[in-house]
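The primary structure of each chain is shown beneath.
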Amino acid sequence: EDQVTQSPEALRLQEGESSSLNCSYTVSGLRGLFWYRQDPGKGPEFLFTLYSAGEEKEKERLKATLTKKESFLHITAPKPEDSATYLCAVRSNYQLIWGAGTKLIIKP
Amino acid sequence: GAGVSQSPSNKVTEKGKDVELRCDPISGHTALYWYRQSLGQGLEFLIYFQGNSAPDKSGLPSDRFSAERTGGSVSTLTIQRTQQEDSAVYLCASSSGSPGDNSPLHFGNGTRLTVT
């Protein structure tokens, strides 16, 4: 059964303290892995798409990487405005399978 | 330009009542999705519309749930005889392409449904 697990459920960091969020997946043939950001009371907002192991994408303080079993969202020197829930999703056929998300809190 | 618009933003209803949730996708987007988001769980797929094709209803949890999309634009999700377990945030998303081309989804801000 296709499955996506995100860890940790929540992460509290001080401003400037770098860390990584994990997305582990089990799918029968990966056709895309997606990262979205969701602010409270808002819908998810697209960040990245990764297709194959070894691929990396960057946007400001965020860098997403992909292996055959997991993806990491690295956040470098985060700011309070990076606080949000980060969602991971994978596509194995034509539907997306979503993780439960990691709630990231950056304290000033 | 305007993003995906959902209404109402909040809906409180009594158990057993019917509710209608509305979604206005981004103009020109042919694909429209409905998802349900419950606390601590991943987004749950409900239904998918692509152009004039028959919708994929495989995610609808029961026959109390139905959805339509008129004129390839506005969509309405209807829940009949609501139950407390229907309480959740209902998210609508639209996309310019199809799932096969991995076009990003553009989400609305959702409707928070509370069944008392």
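Look up: the structure comes first, before these words.
Let me sum up the structure you'll find in this document.

Conventions and cut-offs
Residues numbered from 1 in each chain as written. Chains lettered and ligands numbered in written order. Predicted model: local features only at pLDDT ≥ 70, side-chain atom pairs only at ≥ 80, totals over all residues. Heavy atoms only, no water. Pairing = 2+ DSSP bridges. Helix = DSSP H or I, 4+ residues; strand = E, 2+ residues; numbered from the N terminus. Axes fitted to C-alpha atoms, helices over the stretch in contact; angles between N-to-C directions. Core = buried A, V, L, I, M, F, W, Y, C linked by side-chain atoms within 4.5 Å. Buried < 20%, exposed > 50% of the residue type's maximum accessible area, 1.4 Å probe, protein only. Contact = heavy atoms within 4.5 Å. Salt bridge = Lys/Arg side-chain N within 4 Å of Asp/Glu carboxyl O.

1. A word on the sheet that holds strand S3 (residues 19-26) of chain A
Residue and element names in this part refer to chain A. Taking strand neighbours across the sheet as the criterion, the five strands line up as S1-S3-S8-S7-S6 in an open arrangement whose pairing is antiparallel. Sheet topology places strand S1 (3-7) and strand S6 (56-59) at the edges, where each strand pairs with a single neighbour. Sheet twist, expressed as the mean angle between neighbouring strand axes with direction ignored, is 15 degrees. Relative to strand S8 (residues 70-75), S3 is paired through six bridges, and the arrangement is antiparallel. Residue pairing for S8: Ser19 is matched across the bridge by Ile75.

2. Points about the nonpolar core
Judged by nonpolar contacts, the single largest core of 23 residues is most densely connected at Leu33, Trp35, Leu73 and Tyr86 of chain A. Put simply, the parts of the chain that give this core at least two residues each are strand S2 (10-14), S3, strand S4 (33-38), strand S5 (45-50), strand S7 (62-66), S8, strand S9 (84-91) and strand S11 (102-107) of chain A. At four residues, the largest contribution of residues to this core is made by S9 of chain A. Here Leu33 of chain A is in contact with Cys23, Tyr25, Phe48, Thr49, Leu50, Leu66, Ser71, Cys88, Ala89 and Val90 of chain A, once residues within four sequence places are set aside. Val4, Leu46, Tyr90 and Val115 of chain B belong to the second largest nonpolar core, which has 20 residues in total.

3. Re unusual backbone geometry
A cis amide bond links Ser7 of chain A to the next residue, Pro8 of chain A, at an omega of -10 degrees. By secondary structure assignment, the location of Pro8 of chain A is in the loop between S1 and S2. For the peptide bond that leads from Ser7 of chain B to Pro8 of chain B, omega is -10 degrees, which places it in the cis range. With respect to the helices and strands, the residue Pro8 of chain B is situated in the loop between strand S1 (5-7) and strand S2 (10-13). Residue Glu60 of chain A is not a glycine yet carries a positive backbone phi of 55 degrees. Along the chain, Glu60 of chain A falls in the loop between S6 and S7. Residue class for Glu60 of chain A comes out exposed when judged on its relative accessible area of 70%. The backbone of Ala77 of chain A sits at a positive phi, close to 45 degrees, despite the residue not being glycine. Inspection of the secondary structure assignment puts Ala77 of chain A in the loop between S8 and S9.

4. A closer look at the pattern of salt bridges
Oppositely charged side chains may form a pair once their charged atoms are brought near each other. Residues and elements named next belong to chain A. In this structure the tally under the stated criterion is seven salt bridges over all chains. Measuring nitrogen to oxygen at the nearest pair gives 3.8 Å for the salt bridge that ties Glu56 to Lys63. The residue Asp82 makes a salt bridge to Arg61 at a minimum N-O spacing of 2.8 Å. Taken together, the positions of Asp82 in the loop between S8 and S9 and Arg61 in the loop between S6 and S7 put the pair 21 residues apart, joining distant regions of the chain. As far as the burial class goes, Asp82 and Arg61 line up, both buried.

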